[in-house]
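If you want the building blocks of each chain, they are given just below.
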Amino acid sequence: MSWTEGYVSEVNYTSGFYGELSPLKLGLATLIKSIQPPDSSQEFTYCELACGQGFTTNILAATYPHAQFYANDFNPSHIATARDLAAKAGMKNILFFDDSFEEFLERDLPQFEFISLHGIYSWISAKNRQAIVNFIRRNLKVGGLVYISYNALPGWSAAMPMQALMLRHGQHSSEPILTRIEQALNFTGELLEANASYFAQNPILKSRYERLKDQNRYYLAHEYFNQEWNSFYFDEVAKELEDAKLKYVGSAHINDHIDTVNLSPVAQEKLAKISDPIYREVVRDFFVNTQFRRDIFSRGSLGLTTQEQVKKLQETRFALLVNPANIKFEQQFSVGEVKLQEAIYQPICQVLAESPQTLLQLQNHPKTSNINLNGLYQALMILTGIGYIHPAVDEQTCQQRKPSTDAFNNAVKAKAIYDEELSFLASPLIGTGVVVNRLEQLFLLAKSYNQDAVQFVWQILASQGKKVVKDGKPLETEEENITHLKTVYEEFSQGRLLTLQKLGID
């Protein structure tokens, strides 16, 4: 077996950012379950296993400059990219290694408060999963948290044979991986058109296949074309992690904690009768048809009394991530479309639009004091889960971290001159990444250079032979491009820019 061990290495993984890995978000999800999370306001150590191109770890290192970050990925191209960005941002609190899991296990590393691994557990052999478990057992502090995400059953059960078909089709070709992906997609489409019984008896696959065709091919290479490809029932993963003395805490996806938007009354009633918490999660996955789990485990935990939990939740500060005008009160959840009560959600969003607030401050604010504690708490959790708000640090801490996030964001914006691969910037206020597309990054870059934003952006695009796309079509003339850029920039200046500035991104 080669060093790749059947894992795709011909093309790099995408440079995504995964918000559930952020310490503040993990801390909130742990607090919801009445467990004391590690204190991310103090010094801590954090490790990401299989970090890909290291973009998530780099953002977290920028937003938590007082912490130490370590990350590994067996692909040296990924690590070269990760180190390059860290160096350009001047970050001294992060180390990247191109080790296999077994090699990383042999390194002299500190004990970690946080160990995270996103997705990789589904794409590696049982031997490598055991190496991860051994690593966690050796390197996780008592009271530390593990974030682990993976493809789950029963949600993947219908589509697993389709993945197997595409993988096998690719194995019958010696073409480069991206060509094999196109060939496999086309062949799968042909079987669908030919009404092969597998597809006919699983009609849900047609829409799934259509979505696949629109996916980034580099993502598909890693998601669908690894030799190892596993989906797990929750209890299988929990059993493997027992060897590392880990106990399940709860989901890192905040909305999963609100039963009313995930489960029907009948489902809630059935689950309430199951006393075994591990088996209850398995049955819950059947009700929700879970495809992807984001789990938090801990190695020993400090339970909180109800009073302690409420006090810590009341001290938690929340910041608005979006323009209040863009907030939609009809949202899609597992139970279907839910209309959020505007009498509760509207005033909360209005107050947060003025400035970040703690739960206690919202309890005492004239606009929200009539909402009871439970109503405020549930609304804040749902707004966090949707992505409209996020736990935040205080203003003094935000200012202390801003030099680090500014340096990182400048390095990302400089890359935006040449490509659009990195679409997140770091916020010192919320300790996580915020989606900022290439055009917005270039507008911010022009502002920092005191340049006319529209001319600055157009000169970059024109020099690269590129044009602005409007309604799915590139604009042809220079005049059309500049006119449209002016409109986009005005909208950005009056809305999105103000939101980003409040988050410490400028």
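Please refer to the structure higher up on the page.
Residues numbered from 1 in each chain as written. Predicted model: local features only at pLDDT ≥ 70, side-chain atom pairs only at ≥ 80, totals over all residues. Heavy atoms only, no water.

## Observations concerning the overall build of the protein chain
Thinking step 1. The helix and strand tally for the protein chain stands at 21 helices and 16 strands.
Thinking step 2. By the compact-globule yardstick of 23 Å for 506 residues, the protein chain fits well, its C-alpha radius of gyration being 23 Å.
Thinking step 3. In the protein chain, which comprises 506 residues, the share counted as buried stands at 54%.
Thinking step 4. Counting contacts in the protein chain only where the partners sit at least 6 residues apart, residues at least 24 apart contribute 75% of the total.
Thinking step 5. Here the protein chain has roughly 22900 Å² of accessible surface; of this, 49% comes from carbon and sulfur atoms.
Thinking step 6. Averaging the positions of the 47 positive and the 57 negative side-chain charges in the protein chain gives two centres separated by 3 Å. (Helix = DSSP H or I, 4+ residues; strand = E, 2+ residues; numbered from the N terminus. Rg over C-alpha atoms; globule rule 2.2 N^0.38 Å. Buried < 20%, exposed > 50% of the residue type's maximum accessible area, 1.4 Å probe, protein only. Contact = heavy atoms within 4.5 Å. Areas by Shrake-Rupley, 256 points an atom, 1.4 Å probe, with all protein chains shown as cover. Lys, Arg positive; Asp, Glu negative; His and termini not counted. Charge placed at Lys NZ, Arg CZ, Asp CG, Glu CD.)

## Here's the deal with the sheet that holds strand S6 (residues 247-251)
Thinking step 1. Spatial strand order, S3-S2-S1-S4-S5-S7-S6: seven strands in an open sheet with mixed pairing. Among the strands making up the open sheet, the edge pair consists of strand S3 (94-97) and S6. The sheet shows a mean angle of 20° between the axes of neighbouring strands, taken without regard to direction.
Thinking step 2. In this structure, strand S4 (residues 112-118) lies alongside strand S5 (residues 140-151), joined through six bridges in parallel fashion. Within the sheet, the bridge partner assigned to Phe114 lies in S5 and is Leu145. (Pairing = 2+ DSSP bridges. Axes fitted to C-alpha atoms, helices over the stretch in contact; angles between N-to-C directions.)

## Let's talk about the sheet that holds strand S12 (residues 389-392)
Thinking step 1. Taken in spatial order, the three strands line up as S11-S8-S12 in an open sheet, and their pairing is antiparallel. Strands at the two margins of the open sheet, each flanked by one partner only, are strand S11 (357-358) and S12.
Thinking step 2. The pairing of strand S8 (residues 317-320) with S12 spans four bridges and is antiparallel. For Ala319, the partnering residue across the bridge sits in S12 and is His390.
Thinking step 3. The strands touched by helix H17 (residues 373-386) within the sheet are S8 and S12, with S12 carrying the most contacts at an inclination of about 105°.

## Considering the pairing of strand S7 (residues 292-298)
Thinking step 1. Burial analysis of S7 places five of its seven residues in the buried class, which makes it a mostly covered element.
Thinking step 2. In terms of strand pairing, S5 meets S7 through seven bridges, oriented antiparallel. Paired with Asn151 across the two strands is Phe292, which belongs to S7.
Thinking step 3. Across four bridges, S6 lies against S7 in antiparallel orientation. Counterpart to Ser251 in the pairing with S7 is Asp295.

## Some thoughts on the environment of Ser493
Thinking step 1. Tracing the backbone through its elements, the reader meets Ser493 in helix H21 (residues 478-502).
Thinking step 2. With a relative accessible area of 23%, Ser493 lands in the partly exposed category.

## A closer look at the pairing of strand S1 (residues 45-49)
Thinking step 1. The buried fraction of S1 amounts to five of the five residues, a majority that puts the element mostly inside the structure.
Thinking step 2. Burial of S1 is two-sided: the residues Thr45, Cys47 and Leu49 facing one way and the residues Tyr46 and Glu48 facing the other way are all buried.
Thinking step 3. By the bridge criterion, five bridges tie S1 to strand S2 (residues 68-72) in an arrangement that is parallel. From the neighbouring strand, Thr45 faces S2, where its bridge partner is Gln68.

## With respect to the nonpolar core
Soluble, globular proteins show a tendency: their nonpolar side chains are buried together.
Thinking step 1. Of all hydrophobic cores here, the largest spans 105 residues; its most connected members are Phe55, Phe69, Ile348, Leu380, Met381 and Phe408.
Thinking step 2. Grouped together as the second largest cluster of nonpolar side chains are 55 residues, Tyr70, Phe101, Trp229 and Phe232 included. (Core = buried A, V, L, I, M, F, W, Y, C linked by side-chain atoms within 4.5 Å.)

## A word on the pattern of salt bridges
Thinking step 1. With the rule as written, the count across this model stands at 21 salt bridges.
Thinking step 2. For Glu269, the salt bridge is made with Lys273, and the minimal N-O distance between the two is 3.8 Å.
Thinking step 3. Judged by relative accessible area, which is 65%, Lys273 ranks as exposed.
Thinking step 4. In this structure, Lys311 and Glu315 form a salt bridge, with 2.5 Å as the shortest nitrogen-oxygen distance. Here the residue Lys311 and the residue Glu315 both occupy positions in helix H14 (residues 306-315), the gap between them amounting to four residues, near one helical turn. (Salt bridge = Lys/Arg side-chain N within 4 Å of Asp/Glu carboxyl O.)

## Remarks on the packing of aromatic side chains
Thinking step 1. Under the counting rule described, the total for this entry stands at 23 aromatic pairs.
Thinking step 2. Centroid distance Phe443 to Tyr489: 4.9 Å. Interplanar angle 65°. Geometry classified as edge-to-face. Placement of Phe443 in helix H19 (residues 438-448) and of Tyr489 in helix H21 is noted, with a sequence separation of 46 residues between them.
Thinking step 3. Grouping aromatic residues by their ring pairs yields a cluster made of Phe44, Tyr46, Tyr64, Phe69 and Phe114.
Thinking step 4. Over the face of the ring belonging to Tyr121 we find Arg129, whose NZ or CZ atom lies 5.8 Å from the ring centre. (Phe/Tyr/Trp six-rings, centres within 6.5 Å; stacked < 30°, edge-to-face > 60°. Lys NZ or Arg CZ within 6 Å of the ring centre and 35° of its normal.)

These figures capture arrangement, not role.
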